Amino acid sequence: MLTGKHLINGEWLTTEPTFTSSPAHGEAHTFSTGTPELVDQAAQAAEAAFASYSQTTRAERAAFLDRIADEIEARADAITQIGSEESGLPEARLMGERGRTVGQLRMFARHIEAGDYLDRRHDGALPDREPLPRPDLRLMQRPIGPVAVFGASNFPLAFSAAGGDTASALAAGCPVVVKSHTAHPGTGELVAQAVDAAIKACNLHPGVFAFIQGGERAVGAAVVQHPLIKAVGFTGSLGGGRALFDLCAQRPEPIPFFGELGSVNPMFLLPEAMSARAEELGKGWAGSLSMGCGQFCTNPGIAVVIEGADCETFVAAASAGLADVGSQTMLTDGINAAYGKGVEAFRHTDGLEEKVSSSYGDRQATPGLFVTTADQWLAQKALAEEVFGPVGLVVTVKDVAQMLDVAGALEGQLTCTLHLDAGDHETARELLPLLERKAGRVLANGFPTGVEVSDTMVHGGPYPASTNFGATSVGSMAIRRFLRPVCYQNLPEDLLPADLQA
C-alpha cells in the first residue's frame, strides 16, 4: 500500500533523492525526500484551495472531518502494523492513539456544527444616537489561510498528519500543508491516503491538504517562510522549535508559530499527603515516569519533596518501581542518543546522587532516578531542562518556604501537579498563584501523563512549554489558533457570511 510519494494538489509525486526509513522492527521502506520546490507547489495549491474551502458551510466541513475519520478507520490494521514497526510502540498503544486521532476529528466536526466557536456578535445600528449615530456592527471569527503542520516524533497519529493541529485547522476552514516526520513516514503516508480519499469523496479542492515527506532543515525553513503560509503548528524539541519560531518572526510578514517545545512537568508533594501515602506516591510516580519509555511531553520529570523520613520512603518506593522496569524501545535512534546525553549530564553534575542507574543504546533504554537539593537545583539552570525519556529528578526542599522558591524559579510548563490531602490546603493556596502562572494545566492527586481531548483541556503554557501562552494544541479551543475576528460594518444582509445572516 505504500508508494513512498508526496501528496501535492491531489497528485502523488516522486522526487530525488530518497531516504530509507529506520523501523524499530520489520521491513525498511524507501521514500521520496521533500524539497523547497515541493513546498512552493503545496503552498500555491493550498492558497488556491482557500478561496473555496474557506467558504464551505460548517456542515460540509464537519462531513469532511467525519469522512477522514472513516477513511482512517478503514485502514486501521495497516496503520497499526506499520506504526508499530516504525516507532516500536506496542500495537495496543497505536490502536489507542488511532482512536484518539479519529476522536479529535469527530470532536471538531461536532464543535463547528454547534457554531459557538464563531463568537458571533451584533451591535445594531443606532441612527438617532447623539451626538453621533452608531453603524450596524457584526463580528465573526474567520479562517486565516493555509496552515503548515509539522509531524511529531512521539505521536505518529495524534500529533502528526491528521492529528489535532490538522483537524483544528481544517475545521476552521484552513487548508493544511503537512511536513511529515522521518521517524514514521509510512504511517504518515497511509493517513495522508485516508485524507486524500476523503477529499475526493467530498468533492473538495485537491489543494486543501498536502503531505511532504522527509527533507533537510531547508525544507522546514521553506515551509515556515513561504509567504502564503499564515500559521504553523509544531510539536517537538526546544532547539528545533525555537529555530522555526525565529524564522516565523523574521519574515517580512511575521506569522504565529504555535510550538509545543518541552516541559519537565514538576510535581509538588505536600506534607500531609506524604505522611499518609509516601510509598504509594513513589510507586505511582515510577509508573508514570516510565510509561511509554518516558516519551510523553507531559512526563513528570521532577518531584519536589520536603526532606525527611517521608521523602526517603518516597524515593525508595520510586527507586524500586523504576528498577523493576525492563528495557524499552525508544522512538528513534536520535531520541535514544539525546536521552543518553541527558543522563550523562546528570551523572557529571555536582550535587546529584544517582539512585537508579539508567542504561541506553541501540534504541533501548531503562529508567533512571537522581536526587538533589533545592539549593543545588536553584543554582544550576540546566537541572530544570527536559531530558526526554524515563529519568526522574527528586528535588528535596527544607520546608514549604523553599518549595515556594522552587515553584517561583520554574520556567513555563505544560503541567504542574499538587499531591495533597485536606491538611495541605493552606500550603496549596500559597503554591497555586505561582503554579497557575507557570503552567497551562494544574493537577491535584494525579499524574499528568494522559491528556483528555475535551472542551476544557489546555495543552500549552508559558515559554518554553509553548511559544504562545494563550493557545492549546489539544481540545476544542485549539481551533482558535487558526481564526481571526472580522467586523462587518453596515454590510447588506445578503453580502454577509451565511453564518452572520439572520
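Residues numbered from 1 in each chain as written. Predicted model: local features only at pLDDT ≥ 70, side-chain atom pairs only at ≥ 80, totals over all residues. Heavy atoms only, no water.

Q: I'm lost on the sheet that holds strand β17 (residues 364–365) in this one. Help?
A: Neighbouring strands of a sheet are bound in pairs by backbone hydrogen bonds; such pairs are parallel or else antiparallel. Within the open sheet, the three strands sit side by side as β14-β17-β16. Their pairing is antiparallel. At either margin of the open sheet sits one strand with a lone partner, and together these are β14 (328–329) and β16 (360–361). Note: β14 against β17, two bridges, orientation antiparallel. Looking at the pairing, Gln328 lines up with Ala365 of β17. (Pairing = 2+ DSSP bridges. Helix = DSSP H or I, 4+ residues; strand = E, 2+ residues; numbered from the N terminus.)

Q: Please clarify how the pairing of strand β20 (residues 413–419) should be interpreted in this entry.
A: Look at any regular strand and the pattern is simple: side chains alternate between the two faces of the sheet. Burial within β20 is extensive, with seven of its seven residues counted as buried. As paired elements, strand β12 (residues 267–269) and β20 share three bridges and run parallel to each other. What sits directly across from Phe268, in β20, is Leu418. Sheet topology note: the β20/strand β21 (residues 439–444) ladder contains five bridges and is parallel. By the bridge assignment for β21, Thr415 is matched with Arg441. Following the backbone out of β20, through helix α14 (residues 425–438) and into the adjacent parallel β21, one traces a crossover that is right-handed. (Buried < 20%, exposed > 50% of the residue type's maximum accessible area, 1.4 Å probe, protein only. Right-handed = clockwise from strand over helix to strand, strands pointing away.)

Q: Help me understand the environment of Val191, please; the structure alone is not making it clear to me.
A: Position of Val191 relative to the elements: it lies in helix α6 (residues 185–201). With a relative accessible area of 3%, Val191 lands in the buried category. Non-local contacts of Val191, meaning those with residues more than four positions away in its chain, are made with Ile72, Ile79, Leu157, Ala161 and Ala162. (Contact = heavy atoms within 4.5 Å.)

Q: Got a minute to help me understand α14 in this structure?
A: Look at α14: 19 Å from first C-alpha to last across 14 residues, which is about the 20 Å you get at 1.5 Å a residue. Its axis deflected by about 40° at Leu431, α14 carries its strongest bend there, up to four residues before the proline Pro433. Inspection of α14 places Thr427, Ala428, Leu431, Leu435 and Lys438 among the buried residues, and these make up the whole buried set. Buried residues along α14 sit in contact with β12, α13 (400–409), β20 and β21. (Expected span 1.5 Å × (residues − 1). Bend = angle between axes of the 7 residues up to and from the residue.)

Q: Looking at this structure, how should I read the pattern of salt bridges?
A: Opposite charge on two side chains permits them to pair, given that their charged atoms come into close proximity. Applying the stated criterion across every chain yields a total of 25 salt bridges. Here Arg481 ties to Asp165 by a salt bridge, and the two come within 2.8 Å at their closest N and O atoms. With Arg481 in the loop between β21 and β22 (483–489) and Asp165 in helix α5 (residues 164–172), this pair connects stretches of sequence that are 316 residues apart. For Arg481, a relative accessible area of 6% puts it in the buried group. A salt bridge links Lys398 to Asp375, with the shortest nitrogen-to-oxygen separation between them at 2.7 Å. With Lys398 in the loop between β19 (391–397) and α13 and Asp375 in helix α12 (residues 374–379), the pair connects residues that are 23 residues apart, well separated along the chain. Through salt bridges that share partners, Asp66, Asp70, Glu73, Arg106, Arg110 and Glu113 make up one connected network. (Salt bridge = Lys/Arg side-chain N within 4 Å of Asp/Glu carboxyl O.)

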